[in-house]
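Spelled out, the chains give:
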Amino acid sequence: MNINKRVIRAGLRASRPLFASHRISVNGKRAMVNLLTGAARPPKGTSFERITIAGVAVERVRPPLGETSGTLIYLHGGGYALGSAKGYRGLVAHLATAAGMTAIIPDYSRAPEARYPVALEEMVAVYSQFLEDGLDPKSTVIAGDSAGGGLTLALAMALRDRGIAAPTALGVICPWANLAIDIDHLRPKLRDPLILPSMTAEWAPQYAGTVDPMSPGISPVYGDMTGLPPIVMQTAGDDPISVDADKIEIACAASKTAPLDHRRFDNLWHDFHLQVSLLPEARDAIADLGSKLHDHIHNPRKVAAK
(Lines give C-alpha, C1' and ligand atoms only; values in the text may rest on other atoms or scores of the structure.)
Protein backbone atom coordinates (compact mmCIF):
# COMPACT_ATOMS: atom_id res chain seq x y z
CA MET A 1 0.00 0.00 0.00
CA ASN A 2 1.34 3.42 -0.99
CA ILE A 3 0.24 6.78 0.38
CA ASN A 4 1.46 10.08 -1.03
CA LYS A 5 4.00 11.70 1.25
CA ARG A 6 1.96 14.92 1.26
CA VAL A 7 -0.91 13.02 2.88
CA ILE A 8 1.38 11.48 5.50
CA ARG A 9 2.97 14.87 6.16
CA ALA A 10 -0.48 16.39 6.73
CA GLY A 11 -1.41 13.61 9.13
CA LEU A 12 1.76 14.06 11.16
CA ARG A 13 1.25 17.81 11.31
CA ALA A 14 -2.32 17.30 12.53
CA SER A 15 -1.06 15.12 15.39
CA ARG A 16 1.66 17.57 16.43
CA PRO A 17 -0.48 19.50 18.98
CA LEU A 18 -1.12 16.27 20.88
CA PHE A 19 2.58 15.40 21.10
CA ALA A 20 3.44 18.98 22.10
CA SER A 21 0.65 19.26 24.68
CA HIS A 22 1.57 19.50 28.37
CA ARG A 23 -1.93 18.29 29.28
CA ILE A 24 -1.28 14.75 28.04
CA SER A 25 0.65 12.53 30.43
CA VAL A 26 3.82 10.69 29.48
CA ASN A 27 1.86 7.44 29.52
CA GLY A 28 -0.68 8.97 27.16
CA LYS A 29 2.09 10.04 24.80
CA ARG A 30 3.65 6.58 25.02
CA ALA A 31 0.35 5.10 23.85
CA MET A 32 0.24 7.61 20.99
CA VAL A 33 3.78 6.75 19.90
CA ASN A 34 2.97 3.04 19.97
CA LEU A 35 0.08 3.74 17.58
CA LEU A 36 2.38 5.75 15.32
CA THR A 37 5.18 3.17 15.26
CA GLY A 38 2.66 0.35 14.97
CA ALA A 39 1.71 1.64 11.51
CA ALA A 40 4.79 -0.23 10.29
CA ARG A 41 3.35 -3.68 9.69
CA PRO A 42 5.88 -6.55 9.77
CA PRO A 43 6.37 -8.72 6.70
CA LYS A 44 4.03 -11.71 6.63
CA GLY A 45 5.56 -14.70 8.38
CA THR A 46 7.68 -12.71 10.85
CA SER A 47 7.83 -14.34 14.29
CA PHE A 48 8.34 -12.69 17.67
CA GLU A 49 9.48 -13.95 21.05
CA ARG A 50 9.63 -12.14 24.40
CA ILE A 51 12.73 -12.97 26.46
CA THR A 52 14.75 -11.40 29.27
CA ILE A 53 18.47 -10.66 29.00
CA ALA A 54 20.48 -9.22 31.92
CA GLY A 55 17.22 -8.26 33.60
CA VAL A 56 15.94 -6.33 30.55
CA ALA A 57 12.85 -7.42 28.59
CA VAL A 58 13.71 -7.98 24.94
CA GLU A 59 11.75 -8.70 21.75
CA ARG A 60 13.42 -11.25 19.46
CA VAL A 61 12.39 -10.77 15.82
CA ARG A 62 12.86 -13.55 13.27
CA PRO A 63 12.19 -12.45 9.69
CA PRO A 64 10.35 -14.79 7.28
CA LEU A 65 13.51 -15.88 5.50
CA GLY A 66 14.26 -19.27 6.98
CA GLU A 67 18.02 -19.09 7.43
CA THR A 68 19.46 -15.82 8.78
CA SER A 69 23.07 -14.95 9.44
CA GLY A 70 24.00 -12.24 11.85
CA THR A 71 22.31 -10.42 14.71
CA LEU A 72 20.84 -6.92 14.67
CA ILE A 73 20.50 -5.28 18.09
CA TYR A 74 18.06 -2.40 17.60
CA LEU A 75 17.64 0.48 20.07
CA HIS A 76 14.28 2.15 19.56
CA GLY A 77 13.65 5.89 19.47
CA GLY A 78 11.21 8.05 21.40
CA GLY A 79 13.14 10.86 23.06
CA TYR A 80 14.39 8.45 25.78
CA ALA A 81 10.86 8.77 27.23
CA LEU A 82 8.56 7.18 24.66
CA GLY A 83 8.72 4.25 22.25
CA SER A 84 8.85 0.53 23.07
CA ALA A 85 10.21 -2.74 21.74
CA LYS A 86 6.71 -4.00 20.90
CA GLY A 87 5.82 -0.77 19.12
CA TYR A 88 8.95 -1.04 16.95
CA ARG A 89 8.37 -4.65 15.88
CA GLY A 90 7.24 -3.70 12.36
CA LEU A 91 10.06 -1.32 11.47
CA VAL A 92 12.72 -3.65 12.88
CA ALA A 93 11.19 -6.65 11.11
CA HIS A 94 11.56 -4.84 7.77
CA LEU A 95 15.15 -3.86 8.55
CA ALA A 96 16.03 -7.37 9.76
CA THR A 97 14.53 -8.84 6.59
CA ALA A 98 16.54 -6.44 4.42
CA ALA A 99 19.71 -7.28 6.35
CA GLY A 100 19.09 -11.04 6.52
CA MET A 101 19.51 -11.04 10.29
CA THR A 102 17.67 -11.98 13.46
CA ALA A 103 16.87 -8.86 15.46
CA ILE A 104 16.79 -8.02 19.15
CA ILE A 105 14.88 -4.99 20.49
CA PRO A 106 15.58 -4.22 24.17
CA ASP A 107 12.99 -2.40 26.29
CA TYR A 108 15.51 -0.11 28.02
CA SER A 109 14.33 1.99 30.95
CA ARG A 110 12.88 5.37 29.96
CA ALA A 111 12.82 8.88 31.36
CA PRO A 112 11.57 10.50 33.46
CA GLU A 113 11.44 7.38 35.66
CA ALA A 114 15.04 6.49 34.74
CA ARG A 115 17.62 9.14 33.89
CA TYR A 116 21.08 8.84 32.38
CA PRO A 117 23.05 6.56 32.66
CA VAL A 118 20.45 3.86 33.41
CA ALA A 119 19.53 3.04 29.78
CA LEU A 120 23.18 3.08 28.68
CA GLU A 121 24.28 0.77 31.49
CA GLU A 122 21.40 -1.60 30.72
CA MET A 123 22.51 -1.81 27.09
CA VAL A 124 26.11 -2.51 28.09
CA ALA A 125 24.82 -5.30 30.32
CA VAL A 126 22.55 -6.74 27.62
CA TYR A 127 25.29 -6.73 24.98
CA SER A 128 27.83 -8.19 27.42
CA GLN A 129 25.41 -10.97 28.36
CA PHE A 130 24.90 -11.82 24.70
CA LEU A 131 28.67 -12.08 24.29
CA GLU A 132 28.90 -14.39 27.31
CA ASP A 133 26.13 -16.51 25.76
CA GLY A 134 28.18 -16.95 22.58
CA LEU A 135 27.20 -13.99 20.37
CA ASP A 136 29.86 -13.36 17.72
CA PRO A 137 30.58 -9.60 17.56
CA LYS A 138 31.89 -10.05 14.00
CA SER A 139 28.39 -11.03 12.88
CA THR A 140 26.58 -8.43 14.99
CA VAL A 141 25.47 -4.88 14.25
CA ILE A 142 23.87 -2.33 16.56
CA ALA A 143 21.39 0.15 15.12
CA GLY A 144 18.83 2.66 16.34
CA ASP A 145 16.76 5.67 15.42
CA SER A 146 16.41 9.11 17.00
CA ALA A 147 17.26 8.73 20.70
CA GLY A 148 18.09 5.10 19.95
CA GLY A 149 20.57 6.34 17.35
CA GLY A 150 22.28 8.52 19.93
CA LEU A 151 22.24 5.62 22.39
CA THR A 152 23.82 3.40 19.71
CA LEU A 153 26.79 5.77 19.42
CA ALA A 154 27.06 6.20 23.20
CA LEU A 155 26.99 2.42 23.64
CA ALA A 156 29.73 1.91 21.05
CA MET A 157 31.93 4.44 22.89
CA ALA A 158 31.25 2.74 26.24
CA LEU A 159 32.13 -0.70 24.82
CA ARG A 160 35.39 0.68 23.37
CA ASP A 161 36.35 2.43 26.59
CA ARG A 162 35.70 -0.70 28.66
CA GLY A 163 37.58 -3.02 26.34
CA ILE A 164 34.48 -4.98 25.31
CA ALA A 165 34.50 -6.48 21.82
CA ALA A 166 32.73 -4.13 19.41
CA PRO A 167 30.04 -5.05 16.88
CA THR A 168 31.11 -5.06 13.26
CA ALA A 169 29.07 -1.97 12.32
CA LEU A 170 26.61 0.64 13.57
CA GLY A 171 23.44 1.87 11.88
CA VAL A 172 21.84 5.18 12.90
CA ILE A 173 18.59 6.69 11.62
CA CYS A 174 18.03 10.40 12.29
CA PRO A 175 20.22 10.18 15.43
CA TRP A 176 19.46 12.51 18.34
CA ALA A 177 23.05 12.93 19.44
CA ASN A 178 23.31 16.48 20.80
CA LEU A 179 21.00 17.06 23.76
CA ALA A 180 23.08 20.04 24.90
CA ILE A 181 21.68 22.34 22.21
CA ASP A 182 18.16 21.35 23.25
CA ILE A 183 18.79 22.20 26.88
CA ASP A 184 20.22 25.53 25.67
CA HIS A 185 17.20 26.02 23.34
CA LEU A 186 19.40 26.39 20.26
CA ARG A 187 17.91 23.78 17.92
CA PRO A 188 16.57 25.15 14.59
CA LYS A 189 12.94 24.51 13.63
CA LEU A 190 13.19 23.52 9.90
CA ARG A 191 10.16 22.03 8.08
CA ASP A 192 9.48 18.82 9.99
CA PRO A 193 5.71 18.17 10.24
CA LEU A 194 5.91 16.64 13.72
CA ILE A 195 9.12 17.43 15.61
CA LEU A 196 9.46 20.87 17.16
CA PRO A 197 12.53 22.12 19.07
CA SER A 198 10.23 22.70 22.05
CA MET A 199 9.67 18.93 22.23
CA THR A 200 13.36 18.01 22.30
CA ALA A 201 13.93 20.86 24.77
CA GLU A 202 11.37 19.17 27.04
CA TRP A 203 12.75 15.62 26.70
CA ALA A 204 16.49 16.37 26.94
CA PRO A 205 16.67 17.52 30.59
CA GLN A 206 14.40 14.68 31.69
CA TYR A 207 17.00 12.23 30.42
CA ALA A 208 20.19 14.14 31.30
CA GLY A 209 19.08 15.06 34.82
CA THR A 210 21.90 16.87 36.63
CA VAL A 211 24.69 15.47 34.41
CA ASP A 212 26.50 17.81 31.99
CA PRO A 213 24.53 17.40 28.72
CA MET A 214 27.80 17.67 26.77
CA SER A 215 28.93 14.37 28.30
CA PRO A 216 29.54 11.94 25.40
CA GLY A 217 27.28 9.39 27.05
CA ILE A 218 24.40 11.84 26.64
CA SER A 219 25.53 13.77 23.56
CA PRO A 220 27.93 11.54 21.62
CA VAL A 221 28.67 14.31 19.09
CA TYR A 222 31.10 15.62 21.75
CA GLY A 223 32.81 12.25 22.15
CA ASP A 224 35.85 10.72 20.50
CA MET A 225 34.86 8.56 17.53
CA THR A 226 38.33 7.00 17.29
CA GLY A 227 38.19 3.22 17.06
CA LEU A 228 34.43 2.95 16.60
CA PRO A 229 33.02 0.44 14.09
CA PRO A 230 31.97 1.72 10.65
CA ILE A 231 28.82 3.84 10.85
CA VAL A 232 25.96 3.79 8.33
CA MET A 233 23.82 6.90 8.89
CA GLN A 234 20.58 8.08 7.31
CA THR A 235 19.00 11.48 7.94
CA ALA A 236 16.10 13.58 6.66
CA GLY A 237 16.45 17.07 5.23
CA ASP A 238 13.43 18.59 6.99
CA ASP A 239 14.32 17.14 10.40
CA PRO A 240 15.59 19.67 12.98
CA ILE A 241 17.57 16.82 14.57
CA SER A 242 19.52 16.42 11.31
CA VAL A 243 21.93 19.14 12.42
CA ASP A 244 23.36 16.57 14.84
CA ALA A 245 24.51 14.55 11.83
CA ASP A 246 26.72 17.43 10.75
CA LYS A 247 28.60 17.21 14.05
CA ILE A 248 28.81 13.43 13.73
CA GLU A 249 30.44 13.90 10.33
CA ILE A 250 32.98 16.33 11.80
CA ALA A 251 33.76 14.03 14.73
CA CYS A 252 34.21 11.01 12.45
CA ALA A 253 36.49 12.98 10.12
CA ALA A 254 38.56 14.15 13.09
CA SER A 255 39.00 10.58 14.33
CA LYS A 256 40.33 9.38 10.94
CA THR A 257 39.42 5.82 12.02
CA ALA A 258 35.60 5.81 12.13
CA PRO A 259 34.34 5.24 8.55
CA LEU A 260 31.02 6.98 7.94
CA ASP A 261 28.49 6.34 5.17
CA HIS A 262 25.89 9.13 5.33
CA ARG A 263 22.80 9.29 3.12
CA ARG A 264 20.50 12.30 3.52
CA PHE A 265 16.92 12.17 2.21
CA ASP A 266 15.80 15.65 1.20
CA ASN A 267 12.20 16.84 1.70
CA LEU A 268 11.48 14.13 4.28
CA TRP A 269 10.90 14.27 8.00
CA HIS A 270 12.31 12.82 11.22
CA ASP A 271 12.09 9.01 11.30
CA PHE A 272 10.11 8.79 8.05
CA HIS A 273 11.31 5.18 8.06
CA LEU A 274 8.42 4.43 10.43
CA GLN A 275 6.06 4.76 7.46
CA VAL A 276 7.77 1.81 5.72
CA SER A 277 4.39 0.13 5.10
CA LEU A 278 3.01 3.23 3.38
CA LEU A 279 5.83 5.29 1.90
CA PRO A 280 8.03 4.16 -1.02
CA GLU A 281 10.87 6.41 0.15
CA ALA A 282 10.85 4.66 3.53
CA ARG A 283 11.04 1.24 1.90
CA ASP A 284 13.97 2.42 -0.21
CA ALA A 285 15.76 3.74 2.88
CA ILE A 286 15.22 0.54 4.88
CA ALA A 287 16.34 -1.65 1.97
CA ASP A 288 19.47 0.47 1.53
CA LEU A 289 20.35 0.45 5.24
CA GLY A 290 19.72 -3.28 5.57
CA SER A 291 21.85 -4.04 2.51
CA LYS A 292 24.77 -1.97 3.81
CA LEU A 293 24.63 -3.53 7.27
CA HIS A 294 24.50 -6.97 5.64
CA ASP A 295 27.60 -6.12 3.58
CA HIS A 296 29.55 -5.12 6.68
CA ILE A 297 29.10 -8.65 8.00
CA HIS A 298 29.41 -10.67 4.81
CA ASN A 299 31.65 -8.53 2.59
CA PRO A 300 33.79 -6.42 4.95
CA ARG A 301 36.67 -6.15 2.46
CA LYS A 302 34.33 -4.97 -0.29
CA VAL A 303 32.81 -2.33 2.02
CA ALA A 304 36.24 -1.13 3.14
CA ALA A 305 37.33 -0.72 -0.47
CA LYS A 306 34.46 1.60 -1.38
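Structure shown above.
Residues numbered from 1 in each chain as written. Predicted model: local features only at pLDDT ≥ 70, side-chain atom pairs only at ≥ 80, totals over all residues. Heavy atoms only, no water.

(A) The arrangement of the overall build of the chain in detail. Broken down by element type, the chain carries 10 helices and eight strands. Overall, the chain is about 45 × 45 × 40 Å in size when its C-alpha atoms are taken along their principal axes. Across the 306 residues that make up the chain, the buried fraction comes to 57%. At a minimum sequence separation of 6, the contacts of the chain that also span at least 24 residues come to 76%. With an accessible surface of roughly 12300 Å², the chain has 54% of that area assigned to carbon and sulfur atoms. Charge-centre separation for the chain: the mean point of 32 positive side chains lies 6 Å from the mean point of 30 negative side chains. (Helix = DSSP H or I, 4+ residues; strand = E, 2+ residues; numbered from the N terminus. Buried < 20%, exposed > 50% of the residue type's maximum accessible area, 1.4 Å probe, protein only. Contact = heavy atoms within 4.5 Å. Areas by Shrake-Rupley, 256 points an atom, 1.4 Å probe, with all protein chains shown as cover. Lys, Arg positive; Asp, Glu negative; His and termini not counted. Charge placed at Lys NZ, Arg CZ, Asp CG, Glu CD.)

(B) Examining the environment of Thr-200 more closely. Positionally, Thr-200 belongs in helix α7 (residues 197-208). Taking the relative accessible area as the measure of exposure, Thr-200 reaches 0% and is therefore buried. When near neighbours in sequence (up to four residues on either side) are disregarded, Thr-200 contacts Trp-176, Asp-182, Arg-187, Ile-195 and Ile-241. A polar contact of 2.6 Å, which involves the side chain of Thr-200, links it to the side chain of Asp-182. (Polar contact = N/O pair within 3.5 Å; in protein donor to acceptor, adjacent residues only side chain to side chain.)

(C) Representation of the sheet that holds strand β3 (residues 71-75) in the model. Ordered in space as β1-β2-β4-β3-β5-β6-β7-β8, the eight strands form an open sheet in which the pairing is mixed. Both edges of this open sheet fall to β1 (47-53) and β8 (260-265), since each of them pairs with a single strand only. Neighbour to neighbour, the strand axes of the sheet diverge by 20 degrees on average, direction disregarded. Summarising the sheet, strand β6 (residues 169-173) and strand β7 (residues 231-236) pair through four bridges and their orientation is parallel. Opposite Gly-171, over in β7, you have Val-232 as the bridge partner. Against the sheet, helix α3 (residues 89-99) engages β1, β2 (56-62), β3 and β4 (102-106), with an angle of about 150 degrees to β3. Its contacts with the sheet put helix α9 (residues 280-298) on β5 (140-145), β6, β7 and β8, and the angle it makes with β7 is roughly 170 degrees. (Pairing = 2+ DSSP bridges. Axes fitted to C-alpha atoms, helices over the stretch in contact; angles between N-to-C directions.)

(D) Representation of the packing of helix α1 (residues 5-20) against helix α2 (residues 26-37). As a packed pair, α1 and α2 sit with axes 10 Å apart at the nearest point and diverge in direction by 155 degrees. With respect to α2, the element α1 is oriented roughly antiparallel. Our pair here, α1 against α2, has a crossing hand that is left-handed. Every residue of α2 that contacts α1 at Leu-12, Leu-18, Phe-19 and Ala-20 is listed here: Lys-29, Met-32, Val-33 and Leu-36. (Parallel < 35°, antiparallel > 145°, perpendicular 65-115°, else oblique. Left-handed = near helix turned anticlockwise from the far one by under 90°.)

(E) View of the packing of α3 against α9. Two numbers describe how α3 lies on α9: the axes approach to 7 Å, and their chain directions differ by 50 degrees. Overall, the two elements α3 and α9 adopt an arrangement that is oblique. Judged by the sense of rotation from one axis to the other, the crossing of α3 with α9 is right-handed. Here α3 contributes Leu-91, His-94, Leu-95, Ala-98 and Ala-99 to the contact with α9, which in turn contributes Ile-286, Ala-287, Leu-289, Gly-290, Ser-291 and His-294.

(F) The side chain of His-94, seen in detail. Topologically, His-94 is positioned in helix α3. For His-94, the residues in contact, after removing those within four places along its chain, are Arg-41, Pro-42, Pro-43, Val-276, Ser-277 and Ile-286.

(G) The packing of aromatic side chains, seen in detail. Going through the model one piece at a time under the given rule, you end up with six aromatic pairs. Note on Tyr-80 and Tyr-207: the rings are 3.7 Å apart at their centroids and 5 degrees apart in plane angle, and the pair reads as stacked. Highlighted residues: Tyr-80 in the loop between β3 and α3 and Tyr-207 in helix α7, separated in sequence by 127 residues. An identical accessibility class is assigned to Tyr-80 and Tyr-207; each is buried. Geometrically, the ring pair formed by Tyr-116 and Tyr-207 is edge-to-face, given 6.0 Å between the ring centres and 70 degrees between the ring planes. Of the two residues, Tyr-116 sits in the loop between β4 and α4 (118-132) while Tyr-207 sits in helix α7, which places them 91 residues apart along the sequence. The exposure class assigned to Tyr-207 is buried, which follows from its relative accessible area of 1%. In textbook terms, an aromatic cluster arises when at least three aromatic residues are bridged by ring pairs, as seen for Tyr-80, Tyr-116, Trp-176, Trp-203 and Tyr-207. (Phe/Tyr/Trp six-rings, centres within 6.5 Å; stacked < 30°, edge-to-face > 60°.)

(H) Broad picture of the side chain of His-296. Structurally, His-296 is set in helix α9. The class of His-296 is buried, set by a relative accessible area of 11%. For His-296, the contacting residues outside a window of four places in its chain are Thr-168, Ala-169, Pro-230, Val-232 and Val-303.

(I) Region of interest: α7. The terminal C-alpha atoms of α7 lie 16 Å apart, and with 12 residues this matches the ideal 16 Å at 1.5 Å per residue to within 8%. All of the buried residues along α7 are Pro-197, Met-199, Thr-200, Ala-201, Trp-203, Ala-204, Tyr-207 and Ala-208. Gly-209, located one to two residues past α7, shows a positive phi value of around 60 degrees. (Expected span 1.5 Å × (residues − 1).)

(J) Representation of α1. With 16 residues, α1 extends 22 Å between its outermost C-alpha atoms, agreeing within 8% with the 22 Å of an ideal straight helix rising 1.5 Å per residue. At Ala-14, α1 shows its maximal bend, which comes to roughly 30 degrees, and the proline Pro-17 appears one to four places after that position. Turning to α1, its buried residues are Ile-8, Arg-9, Leu-12, Ser-15, Arg-16 and Phe-19. On the buried face of α1, the contacting elements are α2 and α7. Looking at where α1 begins, the residue whose side-chain oxygen comes 2.7 Å from the main-chain nitrogen of Arg-6 is Asn-4. (Bend = angle between axes of the 7 residues up to and from the residue.)

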